[in-house]
Amino acid sequence: MKTIKIALFTVLTLVSCQTKKENVQESETVEIINEKQTTALVSVNPCDVIQKEEIVTIFSIPEISSLEQFEKANGEDSKSCQFIWNDTVEIRKANQVTITIFLNNELATRPSKFTDMLHVDVQKGVMGFGGQVIQPINIEGLGTNAYEVNQKSNQLLHRIKFQKDNKYLVEITFNSNLNNFPDDINKKMKEIAKYIYLKI
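Rules used in this analysis
Residues numbered from 1 in each chain as written. Predicted model: local features only at pLDDT ≥ 70, side-chain atom pairs only at ≥ 80, totals over all residues. Heavy atoms only, no water. Pairing = 2+ DSSP bridges. Helix = DSSP H or I, 4+ residues; strand = E, 2+ residues; numbered from the N terminus. Contact = heavy atoms within 4.5 Å. Axes fitted to C-alpha atoms, helices over the stretch in contact; angles between N-to-C directions. Core = buried A, V, L, I, M, F, W, Y, C linked by side-chain atoms within 4.5 Å. Buried < 20%, exposed > 50% of the residue type's maximum accessible area, 1.4 Å probe, protein only. Expected span 1.5 Å × (residues − 1). Salt bridge = Lys/Arg side-chain N within 4 Å of Asp/Glu carboxyl O.

**Some remarks on the sheet that holds strand 3 (residues 94–103)**
Okay, so step 1: Strand order in the open sheet formed by seven strands is 1-2-3-9-8-7-6, and the pairing between neighbours is antiparallel. Since the sheet does not close on itself, it has two edges, and those belong to strand 1 (68–73) and strand 6 (137–138), each with one partner.
Okay, so step 2: Examined bridge by bridge, strand 6 and strand 7 (residues 147–152) share two bridges and lie antiparallel to one another. Each bridged residue has a counterpart across the sheet, and for Ile137 the counterpart in strand 7 is Glu148.
Okay, so step 3: Seen against the sheet, helix 4 (residues 113–124) touches strand 3, strand 6, strand 7, strand 8 (156–164) and strand 9 (168–176) and runs at an angle of roughly 145 degrees to strand 8.
Okay, so step 4: Across the face of the sheet, helix 5 (residues 185–199) comes into contact with strand 3, strand 7, strand 8 and strand 9 while running at roughly 25 degrees to strand 8.

Encoded structure:
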């Protein structure tokens, strides 16, 4: 009887040790995966994603020399790139495209962070010039909850926002002091958005 008890105790001990070992291994695996998800992400410079040549082509700018490009780091989590050019007829009339890419450094704990943020914008609207709330319009083909907004005030505003795999949030803004939006501005902005979407 004593022998049976010892054998049973040994078996239970081995099973317990094996279970603990498997739990530790599983826990370590999850930690490694989460760590990889976080460390694998790096901030993206929009100036490296889309070049001056693409902007010149999309907006039919006559001379690439008239297009100025500036980059800006807004911290560890976001970087911006600006493209500025003047109207060919009225030199005082300027156009600007600003592209900002945000990094989700909370991907392990907030895997739907950017999707949720865009959902709130679509549901509640976004702030435009003069405190005016603008209702976003959903866009297909740029991930969940992608949208665009338009506003005419003292200057023109067209903005597109989308997320890519909840790793990156992209905001593309067209500002101009022209009297009217350039022809096919919606098409041009979506062309930029889709180009970036495929690149990041």
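**Here's the deal with the nonpolar core**
Okay, so step 1: Core analysis: the largest hydrophobic core is formed by 34 residues, its most contacted members being Phe59, Phe162, Ile172 and Ile192.
Okay, so step 2: For this core, the secondary-structure elements that each account for two or more residues are helix 2 (46–49), helix 3 (52–58), strand 2 (78–86), strand 3, strand 8, strand 9 and helix 5.
Okay, so step 3: Sorting elements by how many residues they give to this core places helix 5 first, with six residues.
Okay, so step 4: Setting aside residues up to four positions removed in sequence, Ile172 forms contacts with Val97, Thr98, Ile99, His158, Arg159, Ile160, Phe162, Met189, Ile192, Ala193 and Ile196.
Okay, so step 5: One finds Phe114, Leu118, Val126 and Leu169 within the second-largest nonpolar core, a separate group that totals eight residues.

**Remarks on the pairing of strand 9**
Okay, so step 1: Burial runs high along strand 9: nine of the nine residues are buried.
Okay, so step 2: Here strand 9 shows a buried face lined by Tyr168, Val170, Ile172, Phe174 and Ser176 and a second buried face lined by Leu169, Glu171, Thr173 and Asn175.
Okay, so step 3: With nine bridges joining them, strand 3 and strand 9 adopt antiparallel strand pairing. The residue bridging Asn95 from the neighbouring strand is Ser176, located in strand 9.
Okay, so step 4: Here strand 8 runs beside strand 9; their pairing, made up of nine bridges, is antiparallel. Paired with Lys164 across the strands is Tyr168, a residue of strand 9.
Okay, so step 5: Count of turn residues in the strand 8/strand 9 antiparallel hairpin: three residues, of which Asp165 carries a positive phi of about 55 degrees.

**So, helix 4**
Okay, so step 1: With twelve residues, helix 4 ought to run about 16 Å at 1.5 Å a step, and its terminal C-alpha atoms sit 17 Å apart, in line with that.
Okay, so step 2: Within helix 4, burial applies to Lys113, Phe114, Thr115, Leu118, Asp121 and Val122.
Okay, so step 3: Of the surrounding elements, those touching the buried residues of helix 4 are strand 3, strand 4 (126–127), strand 6, strand 7, strand 8 and strand 9.
Okay, so step 4: Positive backbone phi, approximately 90 degrees, marks Gly125, located one or two places after helix 4.

**What about unusual backbone geometry?**
Okay, so step 1: Of note, Ser60 is a non-glycine position whose phi angle comes to about 55 degrees, a positive value.
Okay, so step 2: Note on placement: Ser60 falls in the loop between helix 3 and strand 1.
Okay, so step 3: For Asn145, which is not a glycine, the phi torsion comes out positive at approximately 70 degrees.
Okay, so step 4: For Asn145, a relative accessible area of 19% gives the class buried.

**Digging into the pattern of salt bridges**
Okay, so step 1: One pass over the full model with this rule turns up five salt bridges.
Okay, so step 2: Across the pair Lys113 and Glu106 runs a salt bridge, and its minimum N-O distance is 2.9 Å.
Okay, so step 3: What makes Lys113 buried here is its relative accessible area of 15%.
Okay, so step 4: Under the relative-accessibility criterion, Glu106 is labelled partly exposed at 27%.
Okay, so step 5: Lys161 is the salt-bridge partner of Glu171, the closest N and O atoms lying 3.6 Å from each other. Here Glu171 is found in strand 9, whereas its partner Lys161 is found in strand 8, with ten residues between them in sequence.
Okay, so step 6: Bridged by salt links that share partners, the residues Glu106, Arg110 and Lys113 form one connected network.

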